[in-house]
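# Structure assessment
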Amino acid sequence: MNIAPTLISALARQDITFDTVHHTHSSCSMDSAHAAHIPAEQLVKPVILEDDAGYVMALVPANQQVKIRELNHFLRRKMGLATESEVAELFSDCEAGAIPPLGEAYGVETVVDYSFDDCTDVYLEGGNHTDLLHLSGNDFRQLMETAHHASICVH
């Protein structure tokens, strides 16, 4: 599968430039970072949560985990992890397990961990298991301008 069309359109709308980093097939964000020879803390890992009010995408470094309790407290919600079938339906132009961290492009509310606020480079899953997109930290912050920002991860 190619890079997700929704991702490409969202980047083009904001005039964001990127490089593609091709790597061997990977099964998770940490494997993608290793396969692409990039620092795991620069790869943005999306985690999809849900409750009766809808879906939320939490963005954390690949080597971190979402603190669901803190995220729930921040948003004043009681969310749990979305199911694989729900995620597949939301991100239908992506391979399972390789969703891009641009929730708003898919109509999903987004919360970004503070760890990305000062990064110089970031990498995004491209919607498949073999390509990452490399963006400047400034471009990523531009993309995340309307997202919530909070401390939502733990190593």
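Residues numbered from 1 in each chain as written. Predicted model: local features only at pLDDT ≥ 70, side-chain atom pairs only at ≥ 80, totals over all residues. Heavy atoms only, no water.

Relative to the elements of secondary structure, N128 occurs in the loop between β7 (121-125) and β8 (131-136). Here T130 takes part through its backbone nitrogen, which lies 2.9 Å from a polar atom of the side chain of N128. Polar contacts involving the side chain of N128 include one to the main-chain amide nitrogen of D131, which spans 2.7 Å. (Helix = DSSP H or I, 4+ residues; strand = E, 2+ residues; numbered from the N terminus. Polar contact = N/O pair within 3.5 Å; in protein donor to acceptor, adjacent residues only side chain to side chain.)

Turning to unusual backbone geometry, a few remarks are in order. Negative phi values dominate among residues other than glycine, just as trans dominates among peptide bonds. Phi at D15 takes a positive value of approximately 55°, unusual for a residue other than glycine. Checked against the element boundaries, D15 lands in the loop between α1 (5-13) and β1 (19-22). Given the relative accessible area of 68%, D15 is considered exposed. Positioned with a positive phi, R76 is a non-glycine residue whose angle comes to about 55°. The topology assignment puts R76 in the loop between α3 (68-75) and β5 (80-81). (Buried < 20%, exposed > 50% of the residue type's maximum accessible area, 1.4 Å probe, protein only.)

Before going further, it helps to examine the pattern of salt bridges. Counted according to the given criterion, the structure contains two salt bridges. A salt bridge links D51 to R77, with the nearest nitrogen and oxygen atoms 2.6 Å apart. Of this pair, D51 sits in strand β2 (residues 43-51) while R77 sits in the loop between α3 and β5, placing them 26 residues apart in sequence. For D51, a relative accessible area of 15% corresponds to the buried category. In this structure R77 comes out as buried when scored by relative accessible area, which is 18%. Here R77 ties to E109 by a salt bridge, and the two come within 3.1 Å at their closest N and O atoms. Of this pair, R77 sits in the loop between α3 and β5 while E109 sits in strand β6 (residues 109-113); the two residues are 32 residues apart in sequence, bridging distant segments of the chain. (Salt bridge = Lys/Arg side-chain N within 4 Å of Asp/Glu carboxyl O.)

This part is about the packing of aromatic side chains. Considering all chains together, one arrives at two aromatic pairs under this definition. When the centroid spacing of 4.6 Å and the interplanar angle of 55° are considered together, the rings of F91 and Y106 count as tilted. With F91 in the loop between α4 (84-90) and β6 and Y106 in the loop between α4 and β6, this residue pair connects regions lying 15 residues apart in the sequence. Y106 shares its class with F91; the two are buried. Aromatic side chains F116 and F140 sit 5.7 Å apart centroid to centroid with 65° between the ring planes, which places their arrangement in the edge-to-face category. (Phe/Tyr/Trp six-rings, centres within 6.5 Å; stacked < 30°, edge-to-face > 60°.)

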